[in-house]
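Chains, contacts and geometry: an overview
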Amino acid sequence: MIFAGIFFLMFLIQLYFYLRFYRKAIFKKSTIYNKAEILTEPVSIIICARNEASNLEKNLPLILEQDYPDFEVIVVNDRSEDETNLVLNRFAIKYPRLHISEVRKDPILTHGKKLALTLGIKAAGNEWLLLTDADCVPAGKNWLSRMHCNFRKDKDIVLGYGGYKKRKGILNHLIRYETVFTAMQYMGMAAAGKPYMGVGRNLAYRKTLFFTNRGFASHSNIYSGDDDLFINETANSQNVAVEMHPESFTWSEPEKNFTAWYNQKKRHLTTAPRYSLKTKFWLILENISRILFLASFIYLLITYPYPEYILIIFAILFLIKGIVFKIVFTRLSESILFLTSPVIDLFIPLIYFYIHIRNLIESKRRRWN
């Protein structure tokens with residue numbers, strides 16, 4: 001009976017997340033966009049680049065040629081040792097709206113992306129900042145215009161979707177599924193009035209918000225967090241907009257092997273302990289409920305005298321999740337993932353749990369040393 005109680009409680013918790021938060025990612029309407037009525041509020045697009053010559057060669061013209069009347073593009077060359085500087089200088093001749101900042105290598109001090117991003121923000125001449133990465137490709141020439149539709153007086157932050165390109169292999173399905181599920185979480189919760197993060201591949205906020213918050217001062221000692229921790233500190237139920245129109249998306253190259261993806265997730269998840277207590281409660285509850293629901297389901301299926309009831313409850317949640325997944329995946333142009341999502345969904349919580357434990361152990365070792 002204890003396991004039956006756990007199973008049913010986890011079922012209710014999962015049901016709550018899908019019907020209270022994740023369904024918001026289904027019904028969230030894209031902001032009405034009328035090109036003839038578009039405002040000409042200037043925007044600063046900021047890109048930090050380190051050894052990104054090949055990506056800048058391919059992707060930067062797509063940023064510089066956005067169909068928008070008034071914007072600048074600031075690329076911060078962060079200690080690059082390849083031909084990044086040559087590529088930028090060549091583009092600067094062709095595109096007057098391109099501005100270049102540079103972080104020079106220091107033989108003593110080390111720093112991460114946050115310093116480069118801070119310099120780019122300081123160099124920005126406009127109030128609204130739109131952030132992306134050198135390996136990101138905008139969905140089209142209306143990317144900036146679509147994100148701009150949400151730049152309203154009552155909003156300080158706009159969350160966009162940054163997906164990964166489709167490639168062959170199981171790893172690519174895992175990466176894209178995890179990206180879509182994370183987007184469903186942060187976009188759905190933001191639409192429900194509980195914003196907690198964004199992704200730097202496609203994120204906009206006000207310059208005054210950055211300086212009012214003292215930039216990244218509260219977490220300047222860790223490499224990650226220039227996007228999610230900043231949003232976690234500054235977002236509230238009123239000042240965040242969510243944009244889910246396909247033209248507002250960006251697409252990045254995924255990692256090519258599991259080790260690289262694993263190390264990337266380890267780095268990203270180092271920020272989780274710095275989230276607010278409320279955010280940590282919701283995220284831990286969701287992750288634990290998935291693990292306990294599956295574990296108690298397997299146990300009860302073997303030992304419970306009425307396994308048909310267990311199967312019915314499991315089937316109800318499976319159906320609801322399937323419907324939500326199908327619609328969200330379609331909205332985010334990832335419909336092919338629907339076929340593999342039930343299997344991947346079983347393993348993602350366990351992977352997260354393992355990475356969190358590894359990060360915890362390694363952080364303790366660093367303190368002891």
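Further up the page is the structure itself.
My aim in this report is to walk through the structure given alongside it, one point at a time.

It is worth spelling out the sheet that holds strand β3 (residues 98-103) at this point. Taken together, the 7 strands give an open sheet; going across it, the order is β3-β2-β1-β4-β8-β6-β9, and neighbouring strands pair in mixed fashion. Here the strands that pair on one side only, and so sit at the sheet edges, are β3 and β9 (240-242). Put simply, the sheet's adjacent strands are angled 20° from each other on average, direction ignored. With 6 bridges joining them, strand β2 (residues 71-78) and β3 adopt parallel strand pairing. Bridge pairing links Val75 to Ile100 in β3.

Here we come to the nonpolar core. In terms of nonpolar packing, the biggest core is built from 78 residues, with Ile157, Met184 and Tyr205 touching the most fellow members. Considering every element that reaches this core, the biggest residue donor is helix α7 (residues 170-191), with 12 residues. Ignoring anything within four residues of it in the chain, the contact list for Tyr205 reads Leu117, Ile121, Glu127, Trp128, Leu129, Leu131, Asp156, Ile157, Phe210, Phe216, Phe230 and Ile231. Among the nonpolar cores identified, the runner-up in size contains 28 residues, and Ile45, Leu56, Ala134 and Met147 belong to it.

Take the state of the cysteines next. Summed over all chains, the structure comprises 0 disulfides. Among the cysteines around Cys136, which has no disulfide bond, Cys48 carries the closest sulfur, lying 12 Å off. Judged by its relative accessible area of 2%, Cys136 is buried.

Judged by side-chain polarity, Ile2, Phe3, Ile6, Ile284, Ile288, Leu292 and Tyr299 come together as a nonpolar surface patch covering roughly 620 Å² of accessible area. Contributions of two or more residues to the nonpolar patch are made by α1 (2-22) and α11 (277-303). Counting residues per element, the nonpolar patch draws most heavily on α11, which supplies 4 residues. Looking at the secondary structure, you find Ile288 in helix α11. Ile288 sits in the partly exposed class, given a relative accessible area of 34%.

At a closest axis distance of 8 Å, the pairing of α1 and α11 adopts a crossing angle of 135°. Classed by the angle they form, the pair α1 and α11 counts as oblique. Between α1 and α11 lies a crossing of left-handed hand. Seen from α1, the contacting residues are Phe3, Ala4, Ile6, Phe7, Met10, Phe11, Ile13, Gln14, Tyr16, Phe17, Phe21 and Tyr22; seen from α11, they are Trp282, Leu285, Glu286, Ser289, Arg290, Leu292, Phe293, Ser296, Phe297, Tyr299 and Leu300.

Across the 8 residues of β2, 8 count as buried, placing the element largely inside the fold. Residues of β2 alternate between two faces, with Phe71, Val73, Val75 and Asn77 on one and Glu72, Ile74, Val76 and Asp78 on the opposite face, all of them buried. Here strand β1 (residues 43-49) pairs with β2 via 7 bridges, running parallel. Directly across from Ser44, in β2, lies its bridge partner Glu72. You can see the chain leave β1, run along helix α3 (residues 53-64) and come back into β2, and the turn it takes is right-handed. With respect to chirality, the unit in which β2 leads through helix α4 (residues 84-94) into the neighbouring parallel β3 is right-handed.

Each value, and the rule that gives it
Residues numbered from 1 in each chain as written. Predicted model: local features only at pLDDT ≥ 70, side-chain atom pairs only at ≥ 80, totals over all residues. Heavy atoms only, no water. Pairing = 2+ DSSP bridges. Helix = DSSP H or I, 4+ residues; strand = E, 2+ residues; numbered from the N terminus. Axes fitted to C-alpha atoms, helices over the stretch in contact; angles between N-to-C directions. Core = buried A, V, L, I, M, F, W, Y, C linked by side-chain atoms within 4.5 Å. Buried < 20%, exposed > 50% of the residue type's maximum accessible area, 1.4 Å probe, protein only. Contact = heavy atoms within 4.5 Å. Disulfide = S-S within 2.5 Å. Patch = residues over 30% accessible without salt bridge, like charges linked within 9 Å, V, L, I, M, F, W, Y side chains within 5 Å. Areas by Shrake-Rupley, 256 points an atom, 1.4 Å probe, with all protein chains shown as cover. Salt bridge = Lys/Arg side-chain N within 4 Å of Asp/Glu carboxyl O. Parallel < 35°, antiparallel > 145°, perpendicular 65-115°, else oblique. Left-handed = near helix turned anticlockwise from the far one by under 90°. Right-handed = clockwise from strand over helix to strand, strands pointing away.

Function cannot be inferred from these measures alone, as they are strictly geometric.
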